[in-house]
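# Remarks on the overall topology
Here is what each chain is made of, one letter per residue.
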Amino acid sequence: MVVINSNRTTAIVIRHRGDRITLVPMKSGRLSARTVAFDEFRREWQETGYALSQALTTFLAHMMRWGASLEVSKGLEKLAARDRFVVASLF
């Protein structure tokens, strides 16, 4: 899921554990994950119409250039693998 907050920061949700959400906000430099309570997430973030595949491409390119934490790397790679599997099964 691609989300945006009131500061116009775009982020990708990499983990949803019911009461906690882990997301990766786009920022300059090395990417890092942020975990927030589900209620806080619902207050601060709204889903965008931005395509997940396009956002993943942007985030992965940023990660390759500037780096990311291990949690972010694994989360984005897992999303990319799942996205490829879903799209491949449609054809």
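Quick note: structure is the one above.
From a predicted model like this one, the values you see are computed outputs, not experimental measurements.

Parameters at a glance
Residue indices begin from 1 for each chain and proceed along its sequence in written order. Only residues with pLDDT of at least 70 are given local features in this predicted model, and only at 80 or more are side-chain atom pairs given and counted; all residues enter the totals for whole chains, interfaces and linings. For the side-chain quantities, the full set of heavy atoms in the structure was used; hydrogens and water were omitted. We count a stretch as a helix when DSSP gives it H or I for four or more residues in a row; a strand needs E for two or more, and each element gets its number in order from the N terminus. C-alpha atoms define the radius of gyration in this analysis, and the globule rule sets the expected value at 2.2 Å times the number of residues to the power 0.38. Two strands qualify as a pair provided DSSP detects at least 2 bridges between them. Structural elements are reduced to axes, namely lines fitted to C-alpha atoms, with helices fitted over the stretch in contact, and the angle between N-to-C directions of any two is expressed from 0 to 180 degrees. In this description, contact between two residues means that some pair of their heavy atoms is separated by no more than 4.5 Å. Relative accessible area decides the class of each residue, using a 1.4 Å probe on protein chains only: under 20% of the type maximum gives buried, over 50% gives exposed, and in between gives partly exposed. What counts as a salt bridge is simple: a side-chain nitrogen of Lys or Arg found within 4 Å of a carboxyl oxygen of Asp or Glu.

## Notes on the overall build of the chain
Per the secondary structure count, the chain includes three helices and five strands. When the elements of the chain are put in sequence order from the N terminus, they spell out β-β-β-β-α-β-α-α. Taken against the 2.2 N^0.38 rule, which gives 12 Å for 91 residues, the C-alpha radius of gyration of the chain at 13 Å falls within 12% of a compact globule. When the backbone C-alpha atoms are referred to their principal axes, the chain occupies close to 35 × 30 × 20 Å.

## A look at the sheet that holds strand 2 (residues 10-16)
Spatial strand order, 4-3-2-1-5: five strands in an open sheet with antiparallel pairing. Strands at the two margins of the open sheet, each flanked by one partner only, are strand 4 (34-37) and strand 5 (45-47). Ignoring strand direction, the axes of neighbouring strands in this sheet form an average angle of 40°. Examined bridge by bridge, strand 3 (residues 20-25) and strand 4 share four bridges and lie antiparallel to one another. Bridge pairing in strand 4 links Ile21 to Val36. Against the sheet, helix 2 (residues 52-66) contacts strand 1 (2-5), strand 2 and strand 3, and its axis sits at roughly 100° relative to strand 2.

## Comments concerning the environment of Ile12
Positionally, Ile12 belongs in strand 2. On the basis of relative accessibility, which here comes to 0%, the residue Ile12 falls in the buried class. Here the alpha-carbon distance between Ile12 and Arg34, two residues 22 residues apart in the chain, equals 10 Å. Excluding anything up to four places from it in sequence, Ile12 contacts Met1, Val2, Thr22, Leu23, Val24, Leu52, Ala55, Leu56, Phe59, Leu76 and Leu79.

## A word on the side chain of Ser73
The residue Ser73 is located in helix 3 (residues 70-90) in this model. We classify Ser73 as buried; its relative accessible area is 15%. When near neighbours in sequence (up to four residues on either side) are disregarded, Ser73 contacts Met63 and Ala68.

## What to know about the pattern of salt bridges
All chains considered together, the criterion is met by three salt bridges. The salt bridge involving Glu71 is made with Arg15; its shortest N-O contact spans 3.0 Å. Here Glu71 is found in helix 3, whereas its partner Arg15 is found in strand 2, with 56 residues between them in sequence. Residue class for Arg15 comes out partly exposed when judged on its relative accessible area of 26%. Note that Glu40 is salt-bridged to Arg34, the shortest N-O span being 3.2 Å. Taking relative accessible area as the criterion, Arg34 reaches 31% and is therefore assigned partly exposed. Via salt bridges that share partners, Arg34, Glu40 and Glu44 belong to a single interconnected network.

Shape is all these values report; function is a separate question.
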